[in-house]
Amino acid sequence: MPPPPGGPVSSTAADAPTTPPAPGGAPGTAKAPPAAGAAAPSPEAGPDTRTALRICPLCEATCGLTLTIEGTRVTGVRGDRDDVFSDGFICPKGASFGELDADPDRLRTPLVRRDGELREASWEEAFDLIAARVRPLLEEHGPHAVGLFLGNPNVHTMAGALYPPVLLGALRTRNLFTASTLDQMPKHVSGGLLYGSALAIPVPDLDRTDHLLLLGANPLESNGSLCTAPDFPGRLKALRRRGGTLTVVDPRRTRTARLADRHVAIRPGTDALLLAALVNVLFAEGLTAPGRLAELVEGIADVETATAAFTPEAVGAACDVAPDDIRAMARELAAAPTAAVYGRIGSCTVEHGTLASWLVDVLNVLTGNLDRPGGALFPLSATDRAPRPAAPGKGFALGRWASRVSARPEAKGELPVAVLAEEMETPGEGRIRALICVAGNPVLSAPDGDRLDRALAGLDFMVSVDPYLNETSRHADVVLPPPPPAQSAHFDFAFNALAVRNQVRFTPAAVPLEEGLRDECEILARLVLAVSGMHGADPSAVDDMVIGQTLEKAVADPHSTVHGGDPAKIAADLTGDSGAERRLDMMLRLGPYGLTLAGLKAQPHGIDLGPLRPRLPEILRTRSGRVELLPGPVAADLPRLREALGARPASLVLVGRRHLRSNNSWLHNVPALNGGSNRCTLHVHPDDADRLGLGDGDTARVTAEGGSVDAPVEITEDVRRGVVSLPHGWGHDRSGVRLSTAAARPGVNVNQLLDGSRTDPLSGTAVLNGFPVEVTPAPR
Ligand SMILES: Nc1nc2c(c(=O)[nH]1)N[C@H]1C(S)=C(S)[C@@H](COP(=O)(O)OP(=O)(O)OC[C@H]3O[C@@H](n4cnc5c(=O)[nH]c(N)nc54)[C@H](O)[C@@H]3O)O[C@H]1N2
Ligand SMILES: Nc1nc2c(c(=O)[nH]1)N[C@H]1C(S)=C(S)[C@@H](COP(=O)(O)OP(=O)(O)OC[C@H]3O[C@@H](n4cnc5c(=O)[nH]c(N)nc54)[C@H](O)[C@@H]3O)O[C@H]1N2
Ligand code: SF4
Ligand SMILES: [Mo]
């Protein structure tokens, strides 16, 4: 392990949990040590030294940061104590913002492939080539010949929220793939089916609940997901302090599990069975109490019938959880004055991910906790559509089209990433010939990276919008680098709608855009123009078009705040430093709080919009206008769950894990974050290690259907028997990659063990957790 240069981050210290302020309590200080290159300003700091606010884009917690800036360099980072939501919280990742921002491996010009080599090029050359190559492919082979992959950081940038929908509209391709089918697509599908909208995802009311049942999430390392809560750890501790209880279901004894009143070390992949049994017990013991939901929900009795087979005794062996414990969990859930059930990665990226996600919400409904304070509620963000009277909607359709090669149904307009390689490789009409990849690294994040590597290499043309030349972008013909994060304005379109408190914040670019760089909004707008035959037009044309179309609709909508207005006049009133900002201003004005961007800018630490409030039935868009508790596609998938009752468990399965100082595949190049316990090791229980003939520090060979990887063994009781754990995002040893720090400690790609054949059928989400593996000592 190379020591972090500059050395102020001792790996152990930085790995220790940060001691966060109590939520809503006194503002805390940044407890994380400053990262290398991000030290506090020295007393002799020049007159050039100033501070600027920046919302952290590195995880879903969206903490407000105060950056110290000398000239154009970020030299210090602390939590913004006045931030209305994060109260000064910061973690080691946020503390390394300066180092990340200044990473010398970051690309500073576009790259264009000439004679087989990627070379530095001007923006004009880059976009000229895109226009020259993509248009003919579309004209000759039709829209589906160009695929689009959208990676995770799109939810962490303004550009990623505002332009990919326009890009997709311009391409009209059905070959849309995103990180969602490696992640939360089960939540979209279950929300779509239950509430009629794929974006209707209830969020646990962390700060007010009396009981949290948390499955397959480790917020002490991840800082939370689909539950935006700066200082999630502190909020969990506060729950305990106010007398609430926490149950954690996880095959590993995680740092989150150690905080819990009850830790259930479930057999991986069986959460849907456990949850079905909890539902079963609620009915069997007369513990259902939907309260006001009873009249808003249809199908409660059908759910009772559908879960009749899943008694605690029936699921106990499969889950490896004692029936009495299951009964106790159900009773605790029912008895709590308020409670929230919350499931994340470990309950989503599994064989029954959609059923598990559905059952999470079913439990919240049956206990009366959906849509009530202390339960699980739907946030109302400042850029959401303004509320309107409840009315039946169009409902949520699945499988409106299917993938070409293996006929996998679309979900939310997307095809499963697990079939991306075969769609690029398999000859014939409709093959993906070109790929545009925005902020994604599927070679490491998706099943079978070696196959994706080959498939990407065989494309006619590829564009990556990415700051790094990495495992995926090295295949591109054109790489378009966004600027370092300090040079971008920030607004959380996605996470404000998933936050435990309604609030809104905007931070302008902290540092002016460097000579030669382009704002990512402009990059994506130019990309839209280049693929839609408008190459060379002013990028603001894209924003003007969106504004025009949106306002036309809004003035015709009787529920809109601008109903009957003049679109041209409203557009002329919009303010902002860019087309993207004018779009944000428009969304705020059309939104439920009637805000403006100028008003928001006047509140640099944000505006608190209050605790979550009930939103049913207004939010419903189902055909019935009610919550449809047993949707048809779910009912049709239940026999598969019943079959799982009798299945013989594999003797060894693999699960992933996250480390506080990491983020999927792309922070391993920041020296301060690549050390300590953030290591690509295989966790093995001592009993399994004995059985398999493995000692601590030995190299193990892990094999599954997609291939084999060799990883160092770490023997630990933190993982249950029959389960090994290997983190994802590693494997930085491919040629042509420019990640000098990461390459020095590459790790192995856990997703090489998978071949993409295992998915949750309803959502198309890849099974990344709980798949069978063989482990042996690696041959010397
Ligand atoms: N085995 C296993 N695999 C997993 C997971 C798991 O738990 N286990 N988790 C899955 C999950 S939850 C997710 S979300 C996916 C993530 O899958 P991906 O989104 O494919 O992977 P990331 O590693 O997040 O890659 C992000 C890419 O965006 C680039 N990037 C960073 N910042 C910016 C920016 O501001 N603009 C642009 N344009 N690019 C930027 C990075 O350099 C990197 O190339 O991985 C999934 N893969
Ligand atoms: N530090 C850090 N933070 C991150 C990320 C990161 O890579 N590093 N990634 C970000 C992203 S993209 C996301 S989506 C979020 C994810 O945030 P979380 O959902 O909190 O993800 P994990 O920390 O991977 O926790 C998943 C847990 O599920 C457990 N698990 C595995 N299989 C099963 C199972 O079958 N059943 C149950 N009950 N548990 C199981 C694992 O042991 C693990 O502890 O984190 C985000 N934040
Ligand atoms: S918790 Fe997340 S948002 Fe907050 S500082 Fe850390 S990485 Fe940034
Ligand atoms: Mo994710």
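Calculation criteria
Residues numbered from 1 in each chain as written. Chains lettered and ligands numbered in written order. Predicted model: local features only at pLDDT ≥ 70, side-chain atom pairs only at ≥ 80, totals over all residues. Heavy atoms only, no water. Pairing = 2+ DSSP bridges. Helix = DSSP H or I, 4+ residues; strand = E, 2+ residues; numbered from the N terminus. Near = heavy atom within 4 Å. 1 Å grid on protein atoms, 1.4 Å probe; cavity = no way out; pocket = protein on both sides within 12 Å on 5 of 7 lines; lining within 4 Å. Sits in = over half its atoms within 2 Å of the grid points. Nonpolar A, V, L, I, M, F, W, Y, C, P; charged D, E, K, R; others polar. Disulfide = S-S within 2.5 Å. Buried < 20%, exposed > 50% of the residue type's maximum accessible area, 1.4 Å probe, protein only. Polar contact = N/O pair within 3.5 Å; in protein donor to acceptor, adjacent residues only side chain to side chain. Areas by Shrake-Rupley, 256 points an atom, 1.4 Å probe, with all protein chains shown as cover. Points joined across faces, edges and corners; volume = space filled by probe spheres on them. Domains from an automatic or database assignment. Contact = heavy atoms within 4.5 Å. Buried area = accessible area lost by both parts, 1.4 Å probe.

An unreviewed UniProt entry annotates the chain as Molybdopterin-dependent oxidoreductase of Streptomyces genisteinicus.

### Digging into the sheet that holds strand β24 (residues 682-684)
One open sheet holds the 7 strands; their spatial order is β30-β23-β27-β24-β26-β25-β31, and the pairing between them is mixed. The two strands at the open ends of the sheet, each matched to only one other strand, are β30 (771-772) and β31 (774-777). Bridge count between strand β23 (residues 653-655) and β30: 2 bridges; the pairing is antiparallel. Bridge assignment links L654 to a residue of β30, and that residue is F771.

### Quick word on the site of ligand 3
Every residue lining ligand 3 is accounted for by C56, L58, C59, A61, T62, C63, F89, C91, K93, G94 and N223. The cavity that encloses ligand 3 is the largest cavity. Of the residues contributing to the shell around ligand 3, the split by class is 7 nonpolar, 3 polar and 1 charged.

### Here we look at the state of the cysteines
Under the criterion given, the structure shown has 0 disulfides. Free cysteine: C227, not disulfide-bonded; nearest cysteine sulfur from C59 at 11 Å. Of all cysteine sulfurs, the one in C227 lies closest to C348, which takes part in no disulfide; the gap is 13 Å.

### Points about the pairing of strand β13 (residues 340-343)
The two faces of a sheet get side chains in turn, since along a regular strand they alternate between them. The alternating pattern of β13 places A340 and Y342 on one face and V341 and G343 on the opposite face, and all of these are buried. Strand direction decides the pairing type here: strand β9 (residues 211-215) and β13, joined by 4 bridges, are parallel. The residue bridging L215 from the neighbouring strand is G343, located in β13.

### Here's the deal with helix α13 (residues 312-319)
Residues P312, V315, G316, A318 and C319 constitute the buried set of α13. Where α13 ends, the next residue or the one after it, D320, has phi of about 60 degrees, a positive value.

### Side note on the site of ligand 1
Surrounding ligand 1, one finds 29 residues, the nearest of these being N152, S445, D466, N470 and S665. Within the contact set of ligand 1, an oxygen atom lies 3.1 Å away from a side-chain nitrogen or oxygen of R658. In the complex, 95% of the free accessible area of ligand 1, which totals 920 Å², lies under the protein chains. Residues of the shell around ligand 1, tallied by class, amount to 14 nonpolar, 11 polar and 4 charged.

### Brief notes about empty space enclosed by the protein
One way to see where empty space is left: roll a probe the size of a water molecule over the atoms. As enumerated under the stated definition, the model contains 7 cavities of 30 Å³ or more in all. In this model, the largest cavity occupies a volume close to 90 Å³. Along the wall of the largest cavity there are 13 residues; nearest its centre are C56, C59, C63, C91 and G94. Looking at the lining of the largest cavity, its residues break down into 9 nonpolar, 3 polar and 1 charged.

### Focus: the domain arrangement of the chain
Taken domain by domain, the chain consists of domain 1 (186-377 + 624-642) and domain 2 (650-777). Taking the mean C-alpha position of each, domain 1 and domain 2 sit 27 Å from one another. Between domain 1 and domain 2, the residue contacts involve 30 residues of the former and 25 residues of the latter. The junction of domain 1 with domain 2 conceals about 2100 Å² of combined surface from both sides, 53% of it contributed by carbon and sulfur atoms. The largest share of the area that domain 1 buries against domain 2 comes from R252, T349 and E351, three residues that together contribute 28% of it.

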